[in-house]
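Coordinate analysis (summary)
Chain by chain, the residues:
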Amino acid sequence: MAVALSFPSVTPHFGLPLLFSGQAQKEFFLNQSLTLIDALLQQSVLDSLPSPPASPADGDTYRVTSVATAEWAGQEDRIAVRVGGDWLFLEAKEGMRLFDREHGAFVHFNGQWESPVEPSAPSGGGTIDAEARQMLNDLVEVLRKTGVFANPS
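Residues numbered from 1 in each chain as written. Predicted model: local features only at pLDDT ≥ 70, side-chain atom pairs only at ≥ 80, totals over all residues. Heavy atoms only, no water.

1. What to know about the sheet that holds strand E4 (residues 79–83)
As a reminder, the rule being used: Two strands qualify as a pair provided DSSP detects at least 2 bridges between them. Only runs of H or I of at least four residues qualify as helices and only runs of E of at least two qualify as strands under DSSP, and these elements are numbered from the N terminus. Under this scheme, a helix contributes an axis fitted over its contacting stretch, all axes are lines through C-alpha atoms, and angles between N-to-C directions fall in the 0 to 180 degree range.
Ordered by their spatial adjacency, four strands build an open sheet running E2-E3-E4-E5, and the pairing between neighbours is mixed. The strands lining the two open edges of the sheet, one partner per strand, are strand E2 (47–49) and strand E5 (86–90). Each strand axis lies, on average, 35° off the axis of its neighbour in the sheet, ignoring direction. The sheet contact formed by E2 and strand E3 (residues 61–64) spans three bridges and is parallel. Bridge pairing in E3 links Leu49 to Val64.

Set out below in structure tokens:
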């Protein structure tokens, strides 16, 4: 005999609303969940900002930075998604990785949002190995092109 499962009202990782038996306005909860899933699946944000942009469109997604202001006050480190003319906020989870399209770089959540710092090019030293230095510069450039380090403006 199968054991009946009991579900909470939200998902454990992102708090997406779940449907339950006899629920009124199921389409609202289902649409909200699908919209948030859609925002998370792209694994990218338009930009990282402390306050909402002037003219956001539905579906726009941003990473909220410190010190958040206006409609985003108190939402630091969360992901803001524009839905139906309002902002919904998703809590960042350990290990989450997003691509910030404005800055051309990935950010990683490990208790706070972090991004790798590009190392300085080698200089000086008693013995200079031009080939090794060129290889290190080439490696940094590849990492920059793949979004590990921010692209210079």
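Picking up where we left off.
2. As for a nonpolar patch on the surface
Using the following cut-off: Each patch is assembled from residues with relative accessible area greater than 30% and no salt bridge, linking like charges that lie within 9 Å and nonpolar side chains (Val, Leu, Ile, Met, Phe, Trp, Tyr) that lie within 5 Å. Only the protein chains shown count as cover for residues, and all accessible areas are computed by the Shrake-Rupley method using a 1.4 Å probe. The rule for a salt bridge is simple: a side-chain nitrogen of Lys or Arg has to be within 4 Å of a carboxyl oxygen of Asp or Glu. Each residue gets one of three labels from its accessible area relative to the maximum for its type: buried under 20%, exposed over 50%, partly exposed in between, using a 1.4 Å probe on protein chains only.
A cluster of nonpolar residues, Leu19, Leu30, Leu34, Ile37 and Leu41, forms a patch on the protein surface that exposes about 460 Å² of accessible area. For Leu30, a relative accessible area of 39% translates into the label partly exposed.

3. Here we look at the sheet that holds strand E1 (residues 44–45)
Here we have four strands laid out as an open sheet, ordered E1-E6-E7-E8, and mixed in their pairing. Either end of the sheet is taken by a strand with one partner, and the two such strands are E1 and strand E8 (113–114). Pairing analysis gives two bridges linking strand E7 (residues 105–109) to E8, with the strands arranged antiparallel. Note that in E8 the partner of His108 across the bridge is Glu114.

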